Amino acid sequence: MRIDHAFLFDLDGTLVDSVYQHVLAWKEALDEEGIDLSVWRIHRKIGMSGGLFTNQLLRETGIEITDALNERLRHRHAEAYRRLGAKIHPLPGARELLRWLADAGIPFAIATSGRMETASVNIAALDVDASSFPVITRDKVKYAKPDPDLFLAAADALGVDIGKAVVVGDSIWDMLAAVRARALGVGLLSGGYGREELRDAGAIRVYDDPADLLRHIDEVGGRR
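Overview of the structure. Please read these numbers as outputs of a predicted model, since none were measured by experiment.

**Things to note about the pattern of salt bridges**
(1) Moving on: Within the structure shown, the criterion is met by 14 salt bridges.
(2) Moving on: Between Lys 145 and Asp 10 there is a salt bridge, and its shortest N-O distance comes to 2.8 Å. With a gap of 135 residues between them, Lys 145 in the loop between strand 3 (135-136) and helix 7 (149-158) and Asp 10 in the loop between strand 1 (6-9) and helix 1 (19-32) connect regions that are remote in the sequence.
(3) Moving on: As a salt-bridge pair, Arg 215 and Asp 212 come within 3.5 Å of each other at their nearest N and O atoms. Of this pair, Arg 215 and Asp 212 are both found in helix 10 (residues 210-215), 3 residues apart, which corresponds to roughly one turn of the helix.
(4) Moving on: Since its relative accessible area comes to 57%, Arg 215 is described here as exposed.
(5) Moving on: The network of salt bridges with shared partners includes Glu 32, Glu 33, Arg 72 and Arg 76.

**Points about the packing of helix 4 (residues 67-83) against helix 6 (residues 116-126)**
(1) Moving on: Contact geometry for helix 4 and helix 6: axes closest at 9 Å, N-to-C directions at 15 degrees. One finds that helix 4 runs roughly parallel with respect to helix 6. For the crossing formed where helix 4 meets helix 6, the hand is left-handed. On the side of helix 4, the interface is formed by Arg 74, His 77, Ala 78, Tyr 81 and Arg 82, while helix 6 contributes Glu 117, Thr 118, Val 121 and Asn 122.
(2) Moving on: For the contact of helix 4 with helix 6, the class distribution of residues is 3 nonpolar, 3 polar and 3 charged.

**Quick word on the packing of aromatic side chains**
(1) Moving on: Considering all chains together, one arrives at 3 aromatic pairs under this definition.
(2) Moving on: Measuring from centroid to centroid gives 6.2 Å for Phe 7 and Phe 9, while their planes differ by 20 degrees, and the two rings are stacked.
(3) Moving on: The class of Phe 7 is buried, set by a relative accessible area of 0%.
(4) Moving on: With centroids separated by 5.0 Å and ring planes inclined at 40 degrees, the aromatic side chains of Phe 108 and Phe 133 adopt a geometry described as tilted. Residue Phe 108 is located in strand 2 (residues 108-111), and its partner Phe 133 is located in the loop between helix 6 and strand 3; the two are separated by 25 residues in the primary sequence.

**What to know about the nonpolar core**
(1) Moving on: Ranked by size, the top nonpolar core spans 34 residues in total, and within it Phe 7, Phe 9, Ile 110 and Leu 213 carry the most contacts.
(2) Moving on: Of all the secondary structure elements, the ones that give two or more residues to this core are strand 1, helix 4, helix 5 (94-104), strand 2, helix 6, strand 4 (165-169) and strand 5 (184-188).
(3) Moving on: The element that contributes the greatest number of residues to this core is helix 5, accounting for 6 residues.
(4) Moving on: By size, the runner-up hydrophobic cluster in this structure holds 22 residues, among which are Ile 35, Ile 42, Met 48 and Ala 201.

**Observations concerning the environment of Val 166**
(1) Moving on: In this fold, Val 166 is placed in strand 4.
(2) Moving on: C-alpha of Val 166 to C-alpha of Ala 6: the two residues are 160 residues apart in sequence and 6.3 Å apart in space.
(3) Moving on: With near-sequence residues (within four places) excluded, Val 166 lies in contact with His 5, Ala 6, Phe 7, Leu 8, Leu 184, Val 186 and Val 220.

**So, helix 6**
(1) Moving on: When we look at burial in helix 6, the residues that qualify are Thr 118, Ala 119, Val 121, Asn 122, Ile 123, Ala 125 and Leu 126.
(2) Moving on: Contacts from the buried residues of helix 6 go to helix 1, helix 4, helix 5, strand 2 and strand 3.
(3) Moving on: Within two residues after helix 6, Asp 127 carries a phi angle of roughly 60 degrees, on the positive side.

About the cut-offs
- Residues numbered from 1 in each chain as written.
- Predicted model: local features only at pLDDT ≥ 70, side-chain atom pairs only at ≥ 80, totals over all residues.
- Heavy atoms only, no water.
- Salt bridge = Lys/Arg side-chain N within 4 Å of Asp/Glu carboxyl O.
- Helix = DSSP H or I, 4+ residues; strand = E, 2+ residues; numbered from the N terminus.
- Buried < 20%, exposed > 50% of the residue type's maximum accessible area, 1.4 Å probe, protein only.
- Axes fitted to C-alpha atoms, helices over the stretch in contact; angles between N-to-C directions.
- Parallel < 35°, antiparallel > 145°, perpendicular 65-115°, else oblique.
- Left-handed = near helix turned anticlockwise from the far one by under 90°.
- Contact = heavy atoms within 4.5 Å.
- Nonpolar A, V, L, I, M, F, W, Y, C, P; charged D, E, K, R; others polar.
- Phe/Tyr/Trp six-rings, centres within 6.5 Å; stacked < 30°, edge-to-face > 60°.
- Core = buried A, V, L, I, M, F, W, Y, C linked by side-chain atoms within 4.5 Å.

Here it is in structure tokens:
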């Protein structure tokens, strides 16, 4: 049976306060490979798939991109990120928002560009029953954001038409993927992108964080 309405959430910077841990983990991985790249440049790419992320960053440095280098960077990043996991916490209102949707009978899923090796750290920090909703990671799709595959897979897992889903994310990559999937995009400022950036990328509404979204949930179709 198809359902009429659902929410599809990004994870980093949307439900958990983890964007800057990702930035620091990528910085550490790059430094260990002798690649000098400013932190602000790394931040601008957070939310992309890991492969596309490293390809774009390394292209900016002029360093030769190889599969072996990409793989080393991915593993170094994951190792550093797991070390930083103890400092990752849910964003304000994240648990309450998911609880409200569950109580209202509105299905939701998580769709993250991270692989399970890092997403599992965030799910643990969120402290929710991950068996009660689908979690779609980079491992489960061919392409990650800004391609629409993650959100399409999440909608399919819920049994909802993607055109009736609301995508909630903190980055322009989330919003671009939502547009390409033909879903409504709702932006959050909790990942560090600006209001106008998110709107330019396709967000129909922009809120501060999950708590702010919950206060205005009726504006995006959330009703009991």
